[in-house]
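Observations on the model geometry
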Amino acid sequence: MIRSFALTVLLSAIFVVTNGQDVLVKKNGSTIEGKVTEVGIDRVSYKISSEDGSASFVIKKNELNRIEFGNGQTVFIDERNLPGKRRAHPASNSYLFGRHLINFSPFKALDSGPGLGLSYEILADEKGYFGVILPISIIFPDRFNYTFDGNGNQTESFYFSPGLKIYPFGQRKVTYAVGPSVFTGFGKQSRNNGYYDPNTGTYTGNNTETKIFRFGIIVNNYVNFQITERFQIGLNAGLGSRYIDRETYNDTRQISNGGINITGEFNFNLGLRF
C-alpha cells in the first residue's frame, strides 16, 4: 500500500510539472498564462492552449519583467529587478550620482582680482538636463597685492551670482554644461589718489577707501569630472558684461565707469555630490 501511494504521488508530481503553465509577467504588472515555446534574442513565443495546432503568440522581451515557468524556475528579463541587486540608472539620470552638488573653489579669478568661492547646485529635473546654481565668492581686488591696505583695513569684495545650468548631454562621468548667471558684487577697495604740484615739482598721493557696486550678466561654460560617486572636480570659464560698475568714496562722490564693460571669470573647484 505504501508503494502504491508513493507511486501515485510521483506520477501526480510529474503531471503537474509537465502540464504546469508558464506565467509571463509584464513590466506594467499584468500577466499572461500559457506555455513558452521559444525565448529569442528580442522576443518570446508562447501558446495559450496546449492543444496541437493551437495558435502561437509573440511578445517583445522589452515589455517583460520576468518569466515564471511551470517547473518553478523564474527568469528575469529586466536584470534591474533582480532581488538584492542595486538598481542601475541610465547615464542621463540625475540620480546616478545625486541631485545635490556642493563645490568649494580654492582658486577663483574675476577681472577684479583672485579669490575663493563656495556654491550649491541642485538638478531641477529627474533626467538631469537643468540645474540651478547659487555661488558666493570673496574677491581680493588686484589694485594691491595684499589683503590689507596701508591703514590695516581689509579691501575685499563679495559676489553673489545665481544662475541656470543647461546640460545638453545629461549627466555623465564627464559632464558639460552652459548657462547664464546674474552677478552682484559689493565691498570696498583702496584707491590711490595723487596730484602733481608744479611749485615743488613733486607728486602728492593718498589712499582713499572706496565702496564698490557691480551688477551684470555672465555666461559660463562648465566641465565636471566625476572621480567617484561622491567626489568631483570642476572647471568653468565665462565672459559677460557689467551694466553697473560704480565706486563711491568720501560717502558722497561717485565714479561710474560709463557704458557696458566686458567682464570674465575662471574657476577651479572641488565638489561633493549627494
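Residue indices follow the written sequence of each chain, beginning from 1 at its first position. Only residues with pLDDT of 70 or above have their local features reported here, since the model is predicted, and side-chain atom pairs are shown and tallied only from 80 upward, although totals for entire chains, interfaces and linings are computed over all residues. For side-chain calculations, the full set of non-hydrogen atoms in the structure is used, while hydrogens and water are omitted.

Comments concerning the overall build of the chain
Looking only at helices and strands, the chain has one helix and 16 strands in total. By definition in these notes, contact holds between two residues if any of their heavy atoms fall within 4.5 Å. Residue pairs in contact within the chain that sit at least 24 positions apart in sequence constitute 54% of those at least 6 positions apart. Note on areas: Shrake-Rupley with a 1.4 Å probe; residue coverage comes only from the protein chains shown. For the chain, the exposed area adds up to about 16,700 Å²; of that, 59% sits on carbon and sulfur atoms. Helix and strand assignments follow DSSP, with helices taken as H or I runs no shorter than four residues and strands as E runs no shorter than two, numbered in order from the N terminus.

With respect to the nonpolar core
Each nonpolar core is a collection of buried residues, namely Ala, Val, Leu, Ile, Met, Phe, Trp, Tyr and Cys, held together in the definition by side-chain atoms within 4.5 Å. The classification of residues rests on relative accessible area computed with a 1.4 Å probe and restricted to protein chains. Under 20% of the type maximum is buried, over 50% is exposed, and intermediate values are partly exposed. Core analysis: the biggest nonpolar cluster contains eight residues, these being Leu24, Ile32, Val36, Val44, Tyr46, Ile59, Leu64 and Ile67. Among the elements of the structure, β2 (31–39), β3 (43–47) and β5 (64–68) are those that each provide at least two residues to this core. Residues contacting Leu24, with those up to four places away along its chain left out, are Ser30, Thr31, Ile32, Val36, Val44, Tyr46, Ile59, Leu64 and Arg66. Among the nonpolar cores identified, the runner-up in size contains six residues, and Leu101, Leu123, Ile133 and Ala177 belong to it.

Description of the pairing of β5
Both strand β1 (residues 22–26) and β5 contribute to a ladder of four bridges, which runs antiparallel. Residue Leu24 lies in a different strand from β5, and its bridge partner there is Ile67. Note on pairing: two strands pair once DSSP finds at least 2 bridges between them. Between the antiparallel neighbours β5 and strand β6 (residues 74–76) lie five residues, among them Gly72 with a positive phi of about 100 degrees.

Overview of the sheet that holds β1
Strand order in the open sheet formed by six strands is β4-β3-β2-β1-β5-β6, with antiparallel pairing between adjacent strands. Among the strands making up the open sheet, the edge pair consists of β4 (56–60) and β6. Going across the sheet, the axis of each strand differs from the next one's by a mean of 40 degrees, ignoring polarity. Bridge count between β1 and β2: four bridges; the pairing is antiparallel. Bridge assignment links Leu24 to a residue of β2, and that residue is Ile32. Axes, fitted as lines to C-alpha atoms, cover a helix only where it is in contact. Angles between the N-to-C directions of the axes lie from 0 to 180 degrees.

Regarding the pattern of salt bridges
A pairing counts as a salt bridge when a side-chain nitrogen of Lys or Arg comes within 4 Å of a carboxyl oxygen of Asp or Glu. Evaluated as defined, the whole model comprises eight salt bridges. Glu68 is the salt-bridge partner of Arg66, the closest N and O atoms lying 2.9 Å from each other. Across the pair Glu121 and Lys165 runs a salt bridge, and its minimum N-O distance is 3.0 Å. Within this pair, whereas Glu121 is found in strand β8 (residues 113–123), its partner Lys165 is found in strand β11 (residues 163–166), the two being separated by 44 residues in sequence. Considered together, Glu121 and Lys165 belong to a single accessibility category, that of buried residues. Taken together, the shared-partner salt bridges connect Asp111, Arg214, Arg242 and Asp245 into one network.

Points about the packing of aromatic side chains
When the centres of two rings from Phe, Tyr and Trp lie within 6.5 Å, Trp using its six-membered ring, the rings pair. Their planes under 30 degrees apart give stacked, over 60 give edge-to-face, and anything left gives tilted. Tallied over the full model, the rule gives four aromatic pairs. The interplanar angle of 25 degrees and the centroid separation of 5.8 Å between the aromatic rings of Tyr46 and Phe57 together place this pair among those described as stacked. Of this pair, Tyr46 sits in strand β3 while Phe57 is found in strand β4, placing the two residues 11 residues apart along the sequence. You can call Tyr46 buried: its relative accessible area is 8%. Relative to Phe186, the ring of Phe158 has its centre 6.3 Å away and its plane inclined at 35 degrees; by these criteria the two rings are tilted. One end of the pair, Phe158, is in strand β10 (residues 157–160); the other, Phe186, is in strand β12 (residues 174–197), and 28 residues separate them in sequence.

Remarks on the environment of Gly40
With respect to the element layout, Gly40 can be found in the loop between β2 and β3. Sequence separation between Gly40 and Lys61 is 21 residues; the distance between their C-alpha atoms is 8.4 Å.

Re the side chain of Asp245
Mapping Asp245 onto the fold places it in strand β14 (residues 231–249). When its relative accessible area of 9% is taken as the criterion, Asp245 is described as buried. Contacts described as polar in this section are N or O atom pairs within 3.5 Å, which, within protein, must combine one atom able to donate a hydrogen with one able to accept it, while residues neighboring in sequence count only if both atoms come from side chains. Of note is the side chain of Asp245, whose polar atom sits 3.4 Å from the side chain of Arg214. Within the local environment of Asp245, its side chain forms a polar contact with the side chain of Arg242, the two groups lying 2.9 Å apart.

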